[in-house]
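An overview of the molecular structure
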Amino acid sequence: MTLILSLILPVSAFTGVPLETVKGHVDKVLDVLRDPSLKPESAKKAKKDKIRVIAEKMFDFTELSKRTLAQNWSKLSPEQQKEFVELYTSLLENTYTNKIMSYSDEKILFTKEVPLSEKAVEVQSTVLRKTGEIPIFYRVTMKDDSWKVYDIVIEGVSLVNNYRSQFREILSNNPPESMLETLRKKVGKS
């Protein structure tokens, strides 16, 4: 019984905290998107910069990178790992910022937390649109005394798994430097 309690207590001791943490970050992004002073096209860069600052607090990009590359992570030197995290972060930012910027005041409901392990929780939310509901699940882990997102599952598709298959394919026939060069080109840092 004590063993069972010790396994349950670490997660249950945080009940509500992961959900409130993710919701707080998402609310801050929504505040930026709703800010009338950031609506003009001339304020687009300022809006992106504000969203980037929130994302840096919300996400653990190193953990996200490690999980995306999985066993291939160890094939990279420490310098390559560092560069991969930077390039992958830029790629995600470039890919998703424009989608976020097209937000048109949909409602977002945060519904529940589902423990995944002792230190990982899935925070479930739903975006309510006129055309239907979009489930978005944030997978978070405890890092430096705060909950950080390491994966997002949108309509059942995991960001980590989606990119993992792409990078696995590149690395199956090419050295890590080739993958990094491909990323440099994609994010305009070659």
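Think of each chain on its own: its residues are numbered from 1, step by step along the sequence as written. For a predicted model such as this one, the threshold for reporting local features is a pLDDT of at least 70, and the threshold for listing and counting side-chain atom pairs is 80 or more; totals across whole chains, interfaces and linings nevertheless cover every residue. The side-chain quantities take in all heavy atoms of the structure and omit both hydrogens and water.

Here we take up the overall build of the chain. Helix and strand assignments follow DSSP, with helices taken as H or I runs no shorter than four residues and strands as E runs no shorter than two, numbered in order from the N terminus. Summing up its helical and strand segments, the chain has seven helices and five strands in all. Its helices and strands in sequence order give the chain the pattern α-α-α-α-α-β-β-β-β-β-α-α, from N to C terminus. For the chain, the C-alpha radius of gyration of 18 Å lies close to 16 Å, the compact-globule estimate for 190 residues. When its C-alpha atoms are laid out on the principal axes, the chain stretches across 55 × 50 × 30 Å. For a compact globule the rule gives 2.2 Å times the number of residues to the power 0.38, and the radius of gyration it is set against comes from C-alpha atoms.

This part covers the packing of helix 5 (residues 78-101) against helix 6 (residues 159-173). Direction vectors running N to C along helix 5 and helix 6 enclose 120°, while the axes themselves pass 14 Å from each other. Viewed along their axes, helix 5 and helix 6 adopt a mutual orientation that is oblique. Handedness of the crossing formed by helix 5 with helix 6: right-handed. Here Phe84, Tyr88, Leu91, Leu92, Thr95 and Tyr96 of helix 5 come into contact with helix 6, specifically with Leu159, Tyr163 and Phe167. Only the stretch in contact is used when fitting a helix axis, every axis being a line fitted to C-alpha atoms; angles between N-to-C directions are given from 0 to 180 degrees. Angles are sorted into four bins: roughly parallel if under 35 degrees, roughly antiparallel if over 145, roughly perpendicular if 65 to 115, and oblique for all others. In this scheme the handedness of a crossing depends on how the near helix is turned from the far one: anticlockwise by less than a right angle means left-handed, clockwise means right-handed. Contacts between residues were defined by any pair of non-hydrogen atoms, one from each residue, lying within 4.5 Å.

This brings us to the confidence of the model for the chain. As a per-residue measure, pLDDT reflects the predictor's confidence and takes values from 0 up to 100. Per-residue confidence for the chain gives a mean pLDDT of 87, with 91% of residues at or over 70. No element of the chain has a lower mean pLDDT than helix 1 (residues 2-12), at 40, and none a higher one than helix 4 (residues 61-69), at 96. Across residues 1-13 the pLDDT falls below 50, and counting only partners more than four positions away or on other chains, this stretch makes six contacts in the model.

Within strand 4 (residues 146-154), seven of the nine residues are buried, which leaves it mostly tucked inside the rest of the structure. As paired elements, strand 3 (residues 132-143) and strand 4 share eight bridges and run antiparallel to each other. Counterpart to Met142 in the pairing with strand 4 is Trp147. Note: two strands are recorded as paired if DSSP finds a minimum of 2 bridges between them. Joining the antiparallel neighbours strand 3 and strand 4 is a turn of two residues, in which Asp144 adopts a positive phi near 50°. Burial classes: relative accessible area under 20% of the type maximum marks a residue as buried, over 50% as exposed, and values in between as partly exposed (1.4 Å probe, protein chains only).

Among buried residues, those of type Ala, Val, Leu, Ile, Met, Phe, Trp, Tyr and Cys that are joined through side-chain atoms within 4.5 Å constitute a nonpolar core. Membership of the largest hydrophobic core comes to 47 residues, with the highest contact counts inside it found for Val22, Phe84 and Tyr138. Look past the residues within four positions of Val22 in its chain and what remains in contact with it is Met58, Phe110, Val123, Tyr138, Val140 and Val149.

Attention now moves to the pattern of salt bridges. In the sections that follow, a salt bridge refers to a side-chain nitrogen of Lys or Arg positioned within 4 Å of a carboxyl oxygen of Asp or Glu. If you walk through the whole model with that rule in mind, you get 14 salt bridges. Between Lys44 and Glu41 there is a salt bridge, with the nearest N and O atoms lying 3.9 Å from each other. With a relative accessible area of 31%, Lys44 lands in the partly exposed category. A salt bridge links Arg52 to Asp49, with the nearest nitrogen and oxygen atoms 2.8 Å apart. On the criterion of helical spacing, the pair formed by Arg52 and Asp49 is a turn pair, its members being three residues apart in helix 3 (residues 44-58). Overall, the relative accessible area of 31% leaves Arg52 in the partly exposed class. Here Asp49 falls in the partly exposed class, since its relative accessible area comes to 25%. It is possible to trace a salt-bridge network through shared partners that takes in Lys45, Asp49, Arg52 and Glu93.

As summarised here, the arrangement of the five strands in space is 1-2-3-4-5, forming an open sheet in which the pairing is antiparallel. Here the strands that pair on one side only, and so sit at the sheet edges, are strand 1 (107-115) and strand 5 (157-158). Where helix 3 meets the sheet, its contacts fall on strand 3 and strand 4, and the angle it forms with strand 4 comes to roughly 105°.

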